[in-house]
Amino acid sequence: MPIQKTCTILRSERLIPYGYSLVLDAGEIADTAHPGQFLQVQCDGQFLRRPISICDAGAGRIRIVFEIKGKGTQILAKKRVGDSVDVIGPLGHGFPIHGETVLLVGGGIGAAPLFFAARRCLGTVHAILGFRSANTAVLTEVFRSVCRQVDFTTEDGSLGESGFVDGPLRRRLEETKYTRILACGPQPMLRAVAKIAAEFNVPCFVSMEERMACGVGACLGCACKMKDGSYQRVCHDGPVFSASEVSFDD
Amino acid sequence: MTDLHVNFAGVSLKNPVVVASGTFGFGREYGAFYDLSELGAICVKGLTLSQRAGNPPPRIAETPGGMLNAVGLQNPGVDGFIARELPELRRHDVKIIANISGNTVEEYGILCQKLAAVSVDMLELNISCPNVKEGGLAFGTSPQSAAAVTAEAKRNAGTVPVMVKLSPNVTDIVSIAKAVEDAGADAISMINTLLGMRIDIHTRRPVLRNNTGGLSGPAILPIAIRMVYQVRQAVSIPILGMGGITTGEDAVEFLLAGANAIAVGSANFQNPYAPLLVRDGIASYMQENGISRVDRLTNGVQTWTPCRASCEEELT
Ligand SMILES: Cc1cc2nc3c(=O)[nH]c(=O)nc-3n(C[C@H](O)[C@H](O)[C@H](O)COP(=O)(O)OP(=O)(O)OC[C@H]3O[C@@H](n4cnc5c(N)ncnc54)[C@H](O)[C@@H]3O)c2cc1C
Ligand SMILES: Cc1cc2nc3c(=O)[nH]c(=O)nc-3n(C[C@H](O)[C@H](O)[C@H](O)COP(=O)(O)O)c2cc1C
Ligand code: FES
């Protein structure tokens, strides 16, 4: 059950030039949170809340990691330890975390919810994380500490392999029989991952993004198109969907 | 003792706080936050004869003091509502107002018949949706078509009261209000969203896939207050006032302008408990001002007498 709570900020950190991390005193929200779920975060002066994934949760605390995109995230980035932030959560349906060998595929800030998945997955976890360049890479060390194997790709080759996640993804799928793939990142990356997963016949789950108003399923604002032509609510039916059901063409 | 009860066109509301159509789904989601029986009434998401998929995303945009939406009346269809949503809603002690949209005048009649047969507490005719191509807004922009839809609804609604939801996207809202009152409307709800647009300057694309959408939230409050005030001067049927309400004070303003009950819409998105805060805010205002019954607030504004030549003289 989602709850609304005014949380105190316990830690605030700048990770990369436009990327921040906040640790919130989130009480019950932290205790019931599941990987892939998100918070609707109030950004002072903005009418609508902003959806931000739960990057880690435990012992009454939640960590969120976000990139400055516009006004809302800019305001959030100015928050300091001791300030408070009003959130609703945990929201949505997250990642399935059972399975013997799980492959996580993240692009950019999409690595954030996958970290929580990596921590909670019961089996062996491998990850492939793609970034623009080394100075926009987040959470690299913590991923290394919880995953059996982590591959990095960057568009400029400054960290790991040069290029997108596709190359290492195909190689891993050829080497290992995964129970499932969990992915989060920009839409073009998700489309590519879904396609490759289907080729290899590995069940794949993707976390989708859409602009939101209510965040709880009431306004039908956050439509995600499905292969059958219907629209599902990213906030309530997702954000995690089975990749085989999502329509990626626009 | 503060008495929040209102008799709204024959429907007994335990308090004047209603939740606005399209902002509250069919109640399930906000029912997880509090007991829906705390509300006066729930206006359900706009219903159409057949189910509708709605518009492609993005459907939402932030605006100064509010938001744009272009959902496009996504709904399970009236039969789906009756089969799957109504029984669930009925488990709560709250009045149910069915909001309906037709493509033709006849469709409004059929919708009324179906919903009157299952005894919803009230019908709300949406003749003002800016987000669908056919019907919707088209009926709400001329007094003749608004009256035709109202009359057809009345013929098919049996004893269920019919409320007509007015569009602010018109030059003369008063003439439309009068036309629907004359056609037999039992109440008026106002206002629906104002047509708006936002453009992403980096991509030069409208933010909404539908290009335009409906503006709601605090930004539209003064427009809604003015319109409720003007319509109250011209009609005697009850008015459900809405547009940007987030606090009890906002609601009192609507009541003073001439509303008999009020609806909370987009504010739900910001704060799931907004309707309850609004209700409690109205009660505290009444206590502080020694007002025992909420219906005494309606139309309580004391407008200034128009200033004459002297004002203009001072200006020149
Ligand atoms: C389920 C979910 C989880 C997310 N998790 C994270 C996360 O962990 N870290 C992170 O950095 N970002 C995350 N995002 C994206 C984040 O919500 C947007 O970057 C943010 O809303 C932008 O707001 P803004 O005011 O800074 O930007 P603006 O561009 O000024 O925002 C204007 C409007 O657009 C919406 N918007 C803009 N971009 C997006 C987008 N990509 N997705 C959804 N709405 C958008 C905003 O909500 C707002 O209504 C997530 C999105 C979703 C849907
Ligand atoms: C997301 C959204 C969906 C809406 N859907 C409907 C609808 O289906 N039928 C209708 O009559 N009004 C609809 N409206 C209009 C609201 O009921 C209300 O008239 C308007 O939002 C103004 O009130 P507010 O400023 O408090 O939100 C919708 C509004 C929003 C924001
Ligand atoms: S944001 Fe309202 S339904 Fe998803």
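This is a predicted model, so every value here is computed, not measured.

A.B. asks: Sorry, what's going on with the site of ligand 2 here?
C.D. replies: Residues and elements named next belong to chain B. Every one of the 22 residues lining ligand 2 counts as a neighbour, but Ser21, Lys165, Gly217, Gly244 and Ser266 are closest to it. Surface burial for ligand 2 is 98%, taken as the share of its 610 Å² of free accessible area covered by protein chains. Taken together, the residues that form the shell around ligand 2 break down as five nonpolar, 15 polar and two charged.

A.B. asks: Looking at this structure, how should I read the pairing of strand 8 (residues 122–126) of chain B?
C.D. replies: Residues in a regular strand project their side chains so that they alternate between the two faces of the sheet. Residues and elements named next belong to chain B. In terms of burial, strand 8 is largely enclosed, as five of its five residues are buried. Relative to strand 8, strand 7 (residues 95–100) runs parallel, the two being bridged by four bridges. Within strand 8, the position partnered with Asn99 by the bridge is Glu124. When strand 8 meets strand 9 (residues 162–165), the two strands line up parallel, connected through four bridges. Within strand 9, the residue paired with Leu123 across the bridge is Val162.

A.B. asks: Before we go on, may I ask you to explain the side chain of Ser133 of chain A in this structure?
C.D. replies: Residue and element names in this part refer to chain A. Along the chain, Ser133 falls in the loop between strand 9 (124–131) and helix 4 (140–146). Among the polar contacts listed, one links the side chain of Ser133 to the side chain of Asn135, at a separation of 2.5 Å. The residues touching Ser133, leaving out its near neighbours within four places in the chain, are Thr154, Asp156 and Ser158.

A.B. asks: Please explain the site of ligand 1 as it appears in this structure.
C.D. replies: All names here are of chain A. With respect to spatial proximity, 19 residues lie near ligand 1, and among them Arg50, Pro51, Thr73, Glu209 and Arg211 are the closest. Here a nitrogen atom of ligand 1 sits 2.5 Å away from a polar atom, N or O, in the side chain of Glu209. In isolation ligand 1 exposes 830 Å². Once the protein is present, 87% of that is buried. Looking at the shell around ligand 1, the elements with two or more residues in it are strand 4 (50–53), strand 6 (61–67) and helix 2 (71–77). Ranked by the residues each element gives to the shell around ligand 1, the list is headed by strand 4, at four residues.

A.B. asks: Looking at this model, I keep getting lost on the interface of chain A and chain B. Mind explaining?
C.D. replies: Interfaces are often sized by the accessible area lost when the parts come together. Between chain A and chain B, the contact holds 26 residues from the first and 34 residues from the second. Taken as a group, Phe47, Leu220 and Tyr231 of chain A account for 32% of the area that chain A buries against chain B, more than any other trio of residues on that side. Summed over the shared surface of chain A and chain B, the result is two salt bridges. Put simply, Glu62 of chain B and Arg50 of chain A hold a salt bridge, and the shortest N to O gap is 2.9 Å. Connecting chain A to chain B are eight residue pairs in polar contact (both at pLDDT 80 or more). For the side of chain A that touches chain B, the secondary-structure elements that each account for two or more residues are strand 1 (3–16) and strand 15 (231–233) of chain A.

A.B. asks: Mind showing me how you'd approach the sheet that holds strand 13 (residues 204–207) of chain A here?
C.D. replies: Backbone hydrogen bonds hold the strands of a sheet together, and the pairing may be parallel or antiparallel. Residues and elements named next belong to chain A. Strands sit in the order 11-10-9-8-12-13-16 across an open sheet of seven strands; the sheet is mixed. Taken across any chain shown, the strands that pair with only one partner, and hence form the sheet edges, are strand 11 (161–162) and strand 16 (240–242). In the sheet, strand 12 (residues 180–184) pairs with strand 13 via four bridges, with the strands oriented parallel. Looking at the pairing, Leu182 lines up with Phe205 of strand 13. Strands strand 8 (101–107), strand 12 and strand 13 of the sheet are contacted by helix 6 (residues 187–199), whose axis makes an angle of about 170° with strand 12.

A.B. asks: Teacher, can you tell me more about the side chain of Arg180 of chain A here?
C.D. replies: Residues and elements named next belong to chain A. The residue Arg180 is located in strand 12 in this model. The side chain of Arg180 is buried and forms no salt bridge, while Glu100, the nearest opposite charge, is found at 10 Å. Among the polar contacts listed, one links the side chain of Arg180 to the backbone oxygen of His98, at a separation of 2.5 Å.

A.B. asks: How should I be thinking about the nonpolar core in this particular structure?
C.D. replies: Considering soluble globular proteins, one finds that nonpolar side chains tend to be buried as a cluster. Residues Ile181 of chain A together with Leu125, Met190, Ile262 and Ile282 of chain B are the most contacted members of the largest nonpolar core, which totals 136 residues. Phe95, Ala117, Val125 and Cys184 of chain A belong to the second-largest nonpolar core, a separate cluster that totals 29 residues.

A.B. asks: Would you take a moment to explain the packing of aromatic side chains for this structure?
C.D. replies: For any pair of aromatic rings, geometry is given as the distance between the ring centres together with the angle between the planes. All names here are of chain B. Enumeration according to the criterion identifies eight aromatic pairs over all chains in this entry. Between Phe33 and Tyr273 the ring centres are 5.9 Å apart and the planes differ by 90°, which places this aromatic pair in the edge-to-face class. Taken as a pair, Phe33 in the loop between strand 3 (17–19) and strand 4 (41–43) and Tyr273 in the loop between helix 8 (267–270) and helix 9 (274–288) lie far apart in primary sequence, 240 residues in all. The exposure class assigned to Tyr273 is partly exposed, which follows from its relative accessible area of 27%.

A.B. asks: Sorry if this is basic, but what is going on with the sheet that holds strand 6 (residues 66–69) of chain B here?
C.D. replies: All names here are of chain B. Pairing is antiparallel across the open sheet formed by four strands, whose spatial order is 5-6-14-11. Among the strands making up the open sheet, the edge pair consists of strand 5 (60–63) and strand 11 (194–197). Neighbouring strand axes in the sheet, compared pairwise and without regard to direction, differ in orientation by 40° on average. Where strand 5 lies against strand 6, four bridges are found, and the strand directions are antiparallel. Its bridge partner being in strand 6, Ala61 is matched across the sheet by Leu68.

A.B. asks: What is the right way to look at the packing of helix 7 (residues 248–257) of chain B against helix 9 of chain B in this model?
C.D. replies: The relative placement of two packed helices comes down to the angle between their axes together with the axis-to-axis distance. Residues and elements named next belong to chain B. Put simply, helix 7 and helix 9 touch, their axes get as near as 7 Å, and they point 65° apart. Classified by the interaxial angle, the pair formed by helix 7 and helix 9 is roughly perpendicular. You can see that helix 7 and helix 9 cross each other, and the crossing is right-handed. For the pair formed by helix 7 and helix 9, the contact residues are Gly248, Ala251, Val252, Leu255 and Leu256 on the first element and Leu277, Val278, Gly281, Ile282 and Tyr285 on the second. Looking at the contact of helix 7 with helix 9 residue by residue, the classes come out as eight nonpolar, two polar and no charged.

Definitions and limits used
- Residues numbered from 1 in each chain as written.
- Chains lettered and ligands numbered in written order.
- Predicted model: local features only at pLDDT ≥ 70, side-chain atom pairs only at ≥ 80, totals over all residues.
- Heavy atoms only, no water.
- Near = heavy atom within 4 Å.
- Areas by Shrake-Rupley, 256 points an atom, 1.4 Å probe, with all protein chains shown as cover.
- Nonpolar A, V, L, I, M, F, W, Y, C, P; charged D, E, K, R; others polar.
- Buried < 20%, exposed > 50% of the residue type's maximum accessible area, 1.4 Å probe, protein only.
- Helix = DSSP H or I, 4+ residues; strand = E, 2+ residues; numbered from the N terminus.
- Pairing = 2+ DSSP bridges.
- Polar contact = N/O pair within 3.5 Å; in protein donor to acceptor, adjacent residues only side chain to side chain.
- Contact = heavy atoms within 4.5 Å.
- Buried area = accessible area lost by both parts, 1.4 Å probe.
- Salt bridge = Lys/Arg side-chain N within 4 Å of Asp/Glu carboxyl O.
- Axes fitted to C-alpha atoms, helices over the stretch in contact; angles between N-to-C directions.
- Lys, Arg positive; Asp, Glu negative; His and termini not counted.
- Core = buried A, V, L, I, M, F, W, Y, C linked by side-chain atoms within 4.5 Å.
- Phe/Tyr/Trp six-rings, centres within 6.5 Å; stacked < 30°, edge-to-face > 60°.
- Parallel < 35°, antiparallel > 145°, perpendicular 65-115°, else oblique.
- Left-handed = near helix turned anticlockwise from the far one by under 90°.

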